[in-house]
Amino acid sequence: MSPMEGGALAKKRKPTTTMDHQTSSSSASVDNNYFNVSHNHVTDNKKNKKKKKKKKRNKAKPKRYSLMSYWELPEYMKDNEFILNYYRANWPLPQALFSVFRWHNETLNVWTHLIGFVLFLGLTMVNLLRVPQVADLLGFFARSTPISAVTNVSRNFISQGIMTTNLIELKQMTSQEMEIAAAGHEMSGVAYWPFYVFLGGSMFCLFSSSICHLFSCHSHPLNLLLLRIDYAGITMMIITSFFPPIYYIFQCDPRWQFIYLGGITIMGVFTIITLLSPKLSSGKFRTFRALLFASMGLFGIVPAVHASIVNWGNPRRNATLVYEAAMAFFYLTGTGFYITRIPERWRPGWFDIAGHSHQIFHVLVVLGALAHYAAILVMLDWRNTFGCDNNNAT
Ligand SMILES: [Zn+2]
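For clarity, every value in this text was computed on a predicted model and none was experimentally measured.

A. Expanded view of the overall build of the protein. Secondary structure assignment for the protein yields 16 helices and zero strands. When each of the 394 residues of the protein is scored for burial, the buried share is 33%. Across the protein, the fraction of contacts at a sequence separation of at least 24, relative to all contacts at a separation of at least 6, is 73%.

If you want it as C-alpha coordinates, here you go:
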(Lines give C-alpha, C1' and ligand atoms only; values in the text may rest on other atoms or scores of the structure.)
Protein backbone atom coordinates (compact mmCIF):
# COMPACT_ATOMS: atom_id res chain seq x y z
CA MET A 1 0.00 0.00 0.00
CA SER A 2 1.29 3.44 -0.81
CA PRO A 3 1.56 6.20 1.85
CA MET A 4 -1.10 8.14 -0.09
CA GLU A 5 -3.61 5.31 0.32
CA GLY A 6 -2.72 4.93 4.02
CA GLY A 7 -3.34 8.65 4.61
CA ALA A 8 -6.72 8.49 2.88
CA LEU A 9 -7.81 5.56 5.08
CA ALA A 10 -6.73 7.38 8.23
CA LYS A 11 -8.77 10.43 7.21
CA LYS A 12 -11.82 8.22 6.63
CA ARG A 13 -11.45 6.69 10.09
CA LYS A 14 -11.28 9.96 12.02
CA PRO A 15 -14.99 10.98 11.80
CA THR A 16 -16.01 7.48 12.98
CA THR A 17 -14.01 7.95 16.21
CA THR A 18 -15.69 11.31 16.95
CA MET A 19 -19.07 9.78 16.25
CA ASP A 20 -18.33 6.98 18.75
CA HIS A 21 -17.27 9.56 21.28
CA GLN A 22 -20.46 11.63 20.90
CA THR A 23 -22.79 8.63 21.23
CA SER A 24 -21.07 7.38 24.37
CA SER A 25 -20.99 10.75 26.14
CA SER A 26 -24.72 11.33 25.56
CA SER A 27 -25.69 8.44 27.98
CA ALA A 28 -24.24 9.35 31.40
CA SER A 29 -25.48 6.08 33.03
CA VAL A 30 -23.12 3.98 31.07
CA ASP A 31 -19.94 5.81 32.00
CA ASN A 32 -18.12 2.63 32.86
CA ASN A 33 -19.23 0.95 29.69
CA TYR A 34 -18.17 4.00 27.76
CA PHE A 35 -14.74 3.88 29.37
CA ASN A 36 -14.39 0.18 28.60
CA VAL A 37 -15.62 0.62 25.04
CA SER A 38 -13.31 3.54 24.37
CA HIS A 39 -10.45 1.65 26.05
CA ASN A 40 -11.16 -1.35 23.86
CA HIS A 41 -11.42 0.98 20.93
CA VAL A 42 -7.95 2.42 21.65
CA THR A 43 -6.38 -1.06 21.95
CA ASP A 44 -8.19 -2.14 18.78
CA ASN A 45 -6.81 0.93 17.06
CA LYS A 46 -3.30 0.09 18.26
CA LYS A 47 -3.64 -3.49 17.03
CA ASN A 48 -4.98 -2.29 13.70
CA LYS A 49 -2.12 0.17 13.33
CA LYS A 50 0.43 -2.58 14.11
CA LYS A 51 -1.23 -4.90 11.60
CA LYS A 52 -1.24 -2.13 9.03
CA LYS A 53 2.43 -1.43 9.62
CA LYS A 54 3.22 -5.12 9.26
CA LYS A 55 1.18 -5.28 6.08
CA LYS A 56 2.91 -2.15 4.82
CA ARG A 57 6.35 -3.63 5.49
CA ASN A 58 5.42 -6.93 3.85
CA LYS A 59 3.77 -5.28 0.89
CA ALA A 60 6.19 -2.39 0.39
CA LYS A 61 9.37 -4.38 -0.26
CA PRO A 62 8.34 -6.63 -3.09
CA LYS A 63 6.04 -4.07 -4.67
CA ARG A 64 8.47 -1.16 -4.58
CA TYR A 65 11.41 -3.02 -6.05
CA SER A 66 9.62 -5.51 -8.19
CA LEU A 67 10.13 -5.63 -11.93
CA MET A 68 7.57 -4.00 -14.15
CA SER A 69 6.26 -4.03 -17.69
CA TYR A 70 7.00 -1.54 -20.48
CA TRP A 71 3.58 0.12 -20.05
CA GLU A 72 4.16 0.80 -16.34
CA LEU A 73 7.46 2.59 -16.98
CA PRO A 74 7.99 6.31 -16.46
CA GLU A 75 8.19 8.09 -19.82
CA TYR A 76 11.97 8.65 -19.68
CA MET A 77 12.62 4.90 -19.55
CA LYS A 78 10.46 3.94 -22.51
CA ASP A 79 13.24 3.24 -24.95
CA ASN A 80 12.56 -0.09 -26.63
CA GLU A 81 8.90 -1.02 -27.10
CA PHE A 82 9.85 -4.53 -28.24
CA ILE A 83 11.15 -5.43 -24.77
CA LEU A 84 7.97 -5.90 -22.82
CA ASN A 85 8.86 -6.99 -19.28
CA TYR A 86 11.45 -7.31 -16.49
CA TYR A 87 12.13 -3.57 -16.17
CA ARG A 88 13.45 -1.80 -13.09
CA ALA A 89 12.30 1.79 -12.62
CA ASN A 90 13.02 4.42 -9.95
CA TRP A 91 15.01 1.99 -7.83
CA PRO A 92 17.22 3.36 -5.03
CA LEU A 93 20.96 3.16 -5.73
CA PRO A 94 21.74 0.22 -3.35
CA GLN A 95 18.94 -1.87 -4.88
CA ALA A 96 20.14 -0.95 -8.37
CA LEU A 97 23.69 -1.95 -7.39
CA PHE A 98 22.70 -5.35 -6.03
CA SER A 99 20.44 -5.97 -9.02
CA VAL A 100 23.66 -6.91 -10.82
CA PHE A 101 23.03 -10.36 -9.28
CA ARG A 102 19.33 -10.44 -10.23
CA TRP A 103 17.68 -11.35 -13.50
CA HIS A 104 16.11 -8.39 -15.29
CA ASN A 105 16.29 -7.10 -18.84
CA GLU A 106 19.59 -5.25 -18.21
CA THR A 107 21.49 -8.06 -16.41
CA LEU A 108 23.29 -9.33 -19.52
CA ASN A 109 23.87 -5.78 -20.82
CA VAL A 110 25.74 -5.04 -17.58
CA TRP A 111 27.69 -8.31 -17.53
CA THR A 112 28.74 -8.39 -21.20
CA HIS A 113 30.61 -5.10 -20.85
CA LEU A 114 31.73 -5.76 -17.27
CA ILE A 115 33.45 -8.96 -18.44
CA GLY A 116 34.88 -7.01 -21.41
CA PHE A 117 36.21 -4.39 -19.00
CA VAL A 118 37.87 -7.04 -16.78
CA LEU A 119 39.36 -8.64 -19.91
CA PHE A 120 40.91 -5.35 -21.07
CA LEU A 121 42.05 -4.52 -17.55
CA GLY A 122 43.83 -7.89 -17.52
CA LEU A 123 45.44 -7.22 -20.92
CA THR A 124 46.60 -3.79 -19.71
CA MET A 125 48.08 -5.23 -16.51
CA VAL A 126 49.80 -8.03 -18.39
CA ASN A 127 51.34 -5.57 -20.84
CA LEU A 128 52.35 -3.16 -18.10
CA LEU A 129 53.97 -5.98 -16.16
CA ARG A 130 55.55 -7.20 -19.41
CA VAL A 131 54.39 -10.77 -19.34
CA PRO A 132 54.89 -11.44 -23.05
CA GLN A 133 53.58 -15.01 -23.06
CA VAL A 134 50.08 -13.94 -22.01
CA ALA A 135 50.05 -10.58 -23.74
CA ASP A 136 51.05 -12.19 -27.02
CA LEU A 137 48.44 -14.94 -26.82
CA LEU A 138 46.28 -13.12 -29.32
CA GLY A 139 49.32 -11.88 -31.22
CA PHE A 140 50.45 -15.48 -31.64
CA PHE A 141 47.75 -16.04 -34.22
CA ALA A 142 48.64 -12.74 -35.82
CA ARG A 143 52.28 -13.72 -36.21
CA SER A 144 51.82 -17.35 -37.21
CA THR A 145 49.11 -18.38 -39.64
CA PRO A 146 48.29 -15.23 -41.60
CA ILE A 147 51.92 -14.14 -41.96
CA SER A 148 53.05 -17.47 -43.38
CA ALA A 149 50.22 -17.19 -45.89
CA VAL A 150 51.30 -13.65 -46.67
CA THR A 151 54.93 -14.79 -47.10
CA ASN A 152 53.83 -17.28 -49.73
CA VAL A 153 51.99 -14.56 -51.57
CA SER A 154 55.08 -12.38 -51.26
CA ARG A 155 57.22 -15.09 -52.86
CA ASN A 156 54.93 -15.14 -55.85
CA PHE A 157 55.28 -11.40 -56.10
CA ILE A 158 59.05 -11.70 -56.03
CA SER A 159 59.05 -14.29 -58.79
CA GLN A 160 56.94 -11.96 -60.87
CA GLY A 161 59.37 -9.13 -60.20
CA ILE A 162 56.68 -6.97 -58.63
CA MET A 163 58.16 -6.65 -55.16
CA THR A 164 59.72 -3.39 -54.11
CA THR A 165 63.41 -3.08 -53.30
CA ASN A 166 62.56 -2.61 -49.62
CA LEU A 167 60.81 -5.92 -49.32
CA ILE A 168 63.60 -7.73 -51.18
CA GLU A 169 66.00 -6.28 -48.62
CA LEU A 170 63.66 -7.46 -45.88
CA LYS A 171 63.45 -10.96 -47.32
CA GLN A 172 67.19 -11.12 -47.69
CA MET A 173 67.75 -10.64 -43.97
CA THR A 174 69.21 -13.79 -42.51
CA SER A 175 67.51 -15.41 -39.54
CA GLN A 176 70.45 -14.24 -37.40
CA GLU A 177 69.83 -10.64 -38.42
CA MET A 178 66.15 -11.09 -37.67
CA GLU A 179 66.98 -12.35 -34.18
CA ILE A 180 69.29 -9.41 -33.53
CA ALA A 181 66.60 -7.03 -34.70
CA ALA A 182 64.01 -8.75 -32.49
CA ALA A 183 66.30 -8.79 -29.48
CA GLY A 184 66.89 -5.09 -29.88
CA HIS A 185 63.17 -4.28 -29.78
CA GLU A 186 63.29 -3.26 -26.16
CA MET A 187 65.84 -0.64 -27.10
CA SER A 188 64.12 0.36 -30.32
CA GLY A 189 62.49 3.27 -28.51
CA VAL A 190 59.04 2.57 -29.92
CA ALA A 191 56.51 4.51 -27.86
CA TYR A 192 53.91 2.40 -26.08
CA TRP A 193 51.67 5.26 -25.04
CA PRO A 194 49.34 5.04 -28.11
CA PHE A 195 48.77 1.37 -27.24
CA TYR A 196 47.83 2.26 -23.64
CA VAL A 197 45.67 5.15 -24.83
CA PHE A 198 43.62 2.58 -26.78
CA LEU A 199 43.46 0.18 -23.81
CA GLY A 200 42.42 3.06 -21.53
CA GLY A 201 39.75 4.28 -23.96
CA SER A 202 38.32 0.76 -24.31
CA MET A 203 38.22 0.25 -20.55
CA PHE A 204 36.51 3.62 -20.03
CA CYS A 205 33.88 2.76 -22.66
CA LEU A 206 33.18 -0.74 -21.32
CA PHE A 207 33.07 0.34 -17.68
CA SER A 208 30.88 3.42 -18.24
CA SER A 209 28.52 1.29 -20.33
CA SER A 210 28.15 -1.26 -17.50
CA ILE A 211 27.56 1.52 -14.95
CA CYS A 212 25.01 3.16 -17.26
CA HIS A 213 23.03 -0.07 -17.71
CA LEU A 214 23.12 -0.80 -13.98
CA PHE A 215 22.12 2.60 -12.55
CA SER A 216 20.11 4.38 -15.27
CA CYS A 217 16.93 2.92 -13.71
CA HIS A 218 17.47 5.10 -10.61
CA SER A 219 16.04 8.46 -11.71
CA HIS A 220 15.55 10.66 -14.75
CA PRO A 221 18.48 13.04 -14.04
CA LEU A 222 20.89 10.15 -13.38
CA ASN A 223 19.56 8.35 -16.46
CA LEU A 224 20.36 11.38 -18.65
CA LEU A 225 23.79 11.86 -17.09
CA LEU A 226 24.79 8.19 -17.44
CA LEU A 227 23.54 7.95 -21.03
CA ARG A 228 25.72 10.93 -21.96
CA ILE A 229 28.73 9.39 -20.21
CA ASP A 230 28.01 6.15 -22.10
CA TYR A 231 27.98 7.97 -25.47
CA ALA A 232 31.16 9.85 -24.51
CA GLY A 233 32.67 6.43 -23.67
CA ILE A 234 31.79 5.02 -27.11
CA THR A 235 33.29 8.12 -28.75
CA MET A 236 36.42 7.79 -26.61
CA MET A 237 36.80 4.15 -27.64
CA ILE A 238 36.51 5.07 -31.34
CA ILE A 239 39.02 7.95 -31.08
CA THR A 240 41.54 6.02 -28.99
CA SER A 241 41.27 3.03 -31.35
CA PHE A 242 42.80 5.23 -34.06
CA PHE A 243 45.85 6.19 -32.03
CA PRO A 244 47.99 3.01 -32.22
CA PRO A 245 47.51 2.14 -35.94
CA ILE A 246 48.01 5.71 -37.14
CA TYR A 247 50.92 6.28 -34.78
CA TYR A 248 52.78 3.06 -35.66
CA ILE A 249 51.99 2.94 -39.39
CA PHE A 250 52.88 6.58 -40.00
CA GLN A 251 55.65 6.70 -37.41
CA CYS A 252 58.21 7.66 -40.03
CA ASP A 253 56.02 10.44 -41.43
CA PRO A 254 54.80 12.66 -38.57
CA ARG A 255 52.85 14.89 -41.00
CA TRP A 256 50.32 12.13 -41.63
CA GLN A 257 50.30 11.18 -37.95
CA PHE A 258 49.31 14.74 -37.15
CA ILE A 259 46.70 15.07 -39.92
CA TYR A 260 44.90 11.79 -39.17
CA LEU A 261 45.07 11.94 -35.37
CA GLY A 262 44.11 15.63 -35.42
CA GLY A 263 41.18 14.89 -37.78
CA ILE A 264 39.75 12.05 -35.68
CA THR A 265 40.19 13.98 -32.42
CA ILE A 266 38.25 16.97 -33.84
CA MET A 267 35.49 14.60 -35.03
CA GLY A 268 35.40 13.01 -31.57
CA VAL A 269 35.14 16.32 -29.73
CA PHE A 270 32.33 17.40 -32.11
CA THR A 271 30.51 14.10 -31.48
CA ILE A 272 30.79 14.40 -27.68
CA ILE A 273 29.53 18.02 -27.74
CA THR A 274 26.62 17.05 -30.02
CA LEU A 275 25.62 14.11 -27.85
CA LEU A 276 25.68 16.24 -24.67
CA SER A 277 22.29 17.56 -25.77
CA PRO A 278 19.70 15.65 -23.66
CA LYS A 279 17.28 15.54 -26.61
CA LEU A 280 19.65 13.31 -28.56
CA SER A 281 19.66 10.69 -25.78
CA SER A 282 16.08 9.63 -26.53
CA GLY A 283 15.10 6.55 -28.51
CA LYS A 284 14.04 8.70 -31.47
CA PHE A 285 17.65 9.59 -32.19
CA ARG A 286 18.94 6.00 -32.01
CA THR A 287 19.73 5.90 -35.76
CA PHE A 288 21.32 9.37 -35.69
CA ARG A 289 23.64 8.35 -32.86
CA ALA A 290 24.56 5.08 -34.55
CA LEU A 291 25.31 6.85 -37.83
CA LEU A 292 27.47 9.40 -36.00
CA PHE A 293 29.54 6.60 -34.42
CA ALA A 294 29.66 4.61 -37.65
CA SER A 295 30.84 7.64 -39.66
CA MET A 296 33.63 8.17 -37.12
CA GLY A 297 34.62 4.54 -37.52
CA LEU A 298 34.37 4.70 -41.31
CA PHE A 299 36.74 7.68 -41.27
CA GLY A 300 39.33 4.97 -40.60
CA ILE A 301 38.99 3.78 -44.22
CA VAL A 302 41.03 6.81 -45.37
CA PRO A 303 44.22 6.10 -43.36
CA ALA A 304 43.69 2.34 -43.88
CA VAL A 305 43.73 2.69 -47.70
CA HIS A 306 46.65 5.12 -47.44
CA ALA A 307 48.59 2.73 -45.20
CA SER A 308 47.83 -0.25 -47.45
CA ILE A 309 49.19 1.56 -50.51
CA VAL A 310 52.40 2.78 -48.88
CA ASN A 311 52.96 -0.59 -47.17
CA TRP A 312 51.98 -2.66 -50.21
CA GLY A 313 55.11 -4.76 -49.99
CA ASN A 314 55.05 -5.22 -46.22
CA PRO A 315 54.57 -8.85 -45.17
CA ARG A 316 52.51 -7.74 -42.13
CA ARG A 317 50.04 -5.81 -44.28
CA ASN A 318 47.57 -8.64 -44.86
CA ALA A 319 47.71 -9.87 -41.26
CA THR A 320 46.89 -6.38 -40.02
CA LEU A 321 44.18 -5.92 -42.63
CA VAL A 322 42.53 -9.25 -41.73
CA TYR A 323 42.26 -8.19 -38.08
CA GLU A 324 41.08 -4.68 -38.94
CA ALA A 325 38.52 -6.09 -41.38
CA ALA A 326 37.30 -8.40 -38.59
CA MET A 327 37.02 -5.37 -36.31
CA ALA A 328 35.06 -3.41 -38.94
CA PHE A 329 32.77 -6.42 -39.47
CA PHE A 330 32.07 -6.77 -35.73
CA TYR A 331 31.45 -3.04 -35.23
CA LEU A 332 29.26 -2.58 -38.30
CA THR A 333 27.21 -5.73 -37.60
CA GLY A 334 26.83 -4.52 -34.01
CA THR A 335 25.61 -1.12 -35.24
CA GLY A 336 23.15 -2.95 -37.52
CA PHE A 337 21.66 -4.82 -34.53
CA TYR A 338 21.58 -1.57 -32.51
CA ILE A 339 19.60 0.31 -35.18
CA THR A 340 17.23 -2.44 -36.35
CA ARG A 341 16.53 -3.91 -32.89
CA ILE A 342 16.55 -7.41 -34.30
CA PRO A 343 15.51 -10.01 -33.11
CA GLU A 344 13.14 -8.53 -30.50
CA ARG A 345 11.16 -6.58 -33.13
CA TRP A 346 10.21 -9.91 -34.74
CA ARG A 347 8.93 -11.43 -31.47
CA PRO A 348 8.32 -8.69 -28.87
CA GLY A 349 8.66 -10.09 -25.36
CA TRP A 350 10.60 -13.20 -26.37
CA PHE A 351 14.08 -11.74 -25.86
CA ASP A 352 13.45 -9.55 -22.80
CA ILE A 353 16.00 -11.34 -20.59
CA ALA A 354 18.41 -12.84 -23.10
CA GLY A 355 19.16 -12.49 -26.79
CA HIS A 356 17.94 -8.95 -27.55
CA SER A 357 19.77 -6.66 -29.96
CA HIS A 358 21.60 -4.55 -27.36
CA GLN A 359 23.22 -7.63 -25.83
CA ILE A 360 24.35 -8.85 -29.27
CA PHE A 361 25.67 -5.32 -29.96
CA HIS A 362 27.64 -5.40 -26.68
CA VAL A 363 29.26 -8.78 -27.45
CA LEU A 364 30.20 -7.59 -30.96
CA VAL A 365 31.78 -4.42 -29.52
CA VAL A 366 34.01 -6.52 -27.23
CA LEU A 367 34.93 -8.85 -30.15
CA GLY A 368 35.70 -5.83 -32.37
CA ALA A 369 37.96 -4.33 -29.69
CA LEU A 370 39.78 -7.69 -29.29
CA ALA A 371 40.33 -7.94 -33.07
CA HIS A 372 41.74 -4.42 -33.01
CA TYR A 373 43.99 -5.35 -30.08
CA ALA A 374 45.37 -8.27 -32.12
CA ALA A 375 46.00 -5.98 -35.11
CA ILE A 376 47.86 -3.51 -32.90
CA LEU A 377 50.09 -6.31 -31.55
CA VAL A 378 51.12 -7.09 -35.14
CA MET A 379 51.91 -3.42 -35.79
CA LEU A 380 53.80 -3.03 -32.52
CA ASP A 381 55.84 -6.12 -33.20
CA TRP A 382 56.64 -4.88 -36.71
CA ARG A 383 57.60 -1.42 -35.48
CA ASN A 384 59.68 -2.91 -32.69
CA THR A 385 61.52 -5.17 -35.10
CA PHE A 386 62.06 -2.73 -37.96
CA GLY A 387 62.43 0.92 -37.17
CA CYS A 388 62.25 3.63 -39.82
CA ASP A 389 65.84 2.96 -40.90
CA ASN A 390 65.26 -0.68 -41.84
CA ASN A 391 61.91 -0.31 -43.46
CA ASN A 392 60.79 2.78 -45.30
CA ALA A 393 57.24 1.97 -44.50
CA THR A 394 55.72 5.32 -45.30
ZN1 LIG B 1 24.89 -0.54 -24.00
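B. Seen up close, the environment of L276. Along the chain, L276 turns up in the loop between helix 12 (254-275) and helix 13 (286-298). With 12 C-beta atoms packed within 10 Å, L276 lands in the exposed category. Along the sequence, L276 and L225 sit 51 residues apart, while their C-alpha atoms lie 9.0 Å from each other.

C. Examining unusual backbone geometry more closely. With an omega of 10°, the peptide bond between I342 and P343 qualifies as cis. Within the secondary structure, P343 is located in the loop between helix 15 (317-340) and helix 16 (357-385). The backbone of R341 sits at a positive phi, close to 55°, despite the residue not being glycine. Checked against the element boundaries, R341 lands in the loop between helix 15 and helix 16.

D. Main features of the nonpolar core. Residues Y323, A375, I376 and M379 are the most contacted members of the largest nonpolar core, which totals 64 residues. Sorting elements by how many residues they give to this core places helix 16 first, with 17 residues. Leave out the neighbours within four places in its chain, and M379 touches P244, P245, Y248, I249 and T320.

E. How the structure looks around the packing of helix 10 (residues 193-215) against helix 11 (residues 220-249). Direction vectors running N to C along helix 10 and helix 11 enclose 160°, while the axes themselves pass 7 Å from each other. Relative to helix 11, the element helix 10 lies roughly antiparallel. At the point where helix 10 passes helix 11, the crossing takes the left-handed sense. Taken together, the residues of the contact of helix 10 with helix 11 sort by class into 20 nonpolar, eight polar and one charged.

F. Molecular detail of the environment of V365. Tracing the sequence through the fold places V365 in helix 16. For the pair V365 and L332, spaced 33 residues apart in sequence, the C-alpha separation works out to 9.3 Å.

G. Spatial organisation of the environment of M237. Within the secondary structure, M237 is located in helix 11. Overall, the presence of 27 C-beta atoms within 10 Å leaves M237 in the buried class. In sequence terms M237 and G200 are 37 residues apart; their C-alpha atoms lie 8.4 Å from each other. Leave out the neighbours within four places in its chain, and M237 touches G201, S202 and C205.

H. Fine view of the packing of helix 15 against helix 16. At a closest axis distance of 8 Å, the pairing of helix 15 and helix 16 adopts a crossing angle of 165°. On the basis of the axis angle, helix 15 is roughly antiparallel to helix 16. The way helix 15 lies across helix 16 gives a crossing that is left-handed. Of the residues contributing to the contact of helix 15 with helix 16, the split by class is 18 nonpolar, eight polar and one charged.

I. Local environment of helix 12. With 22 residues, helix 12 should cover 32 Å at 1.5 Å per step; its first-to-last C-alpha distance of 31 Å lies within 8% of that length. Regarding helix 12, the residues found buried are Q257, Y260, I264, G268, T271 and L275. Buried residues of helix 12 fall within an arc of 90° about the axis and therefore sit on the same side. Exposed and facing more than 90 degrees away from the buried side of helix 12 are P254, R255, F258, G262, I266, V269 and I273.

J. Representation of the confidence of the model for the protein. Taken residue by residue, the protein gives an average pLDDT of 76. The fraction at 70 or more is 68%. Note that pLDDT drops below 50 for residues 1-39; the model gives that stretch eight contacts with residues more than four away or on any other chain.

Cut-offs used in this document
- Residues numbered from 1 in each chain as written.
- Predicted model: local features only at pLDDT ≥ 70, side-chain atom pairs only at ≥ 80, totals over all residues.
- Helix = DSSP H or I, 4+ residues; strand = E, 2+ residues; numbered from the N terminus.
- Buried ≥ 20, exposed ≤ 12 C-beta atoms within 10 Å, placed from the backbone.
- Contact = placed C-beta atoms within 7 Å.
- Core = buried A, V, L, I, M, F, W, Y, C linked by C-beta atoms within 7 Å.
- Axes fitted to C-alpha atoms, helices over the stretch in contact; angles between N-to-C directions.
- Parallel < 35°, antiparallel > 145°, perpendicular 65-115°, else oblique.
- Left-handed = near helix turned anticlockwise from the far one by under 90°.
- Nonpolar A, V, L, I, M, F, W, Y, C, P; charged D, E, K, R; others polar.
- Expected span 1.5 Å × (residues − 1).
- Arc of directions from axis to C-beta.
- pLDDT = per-residue confidence, 0-100.

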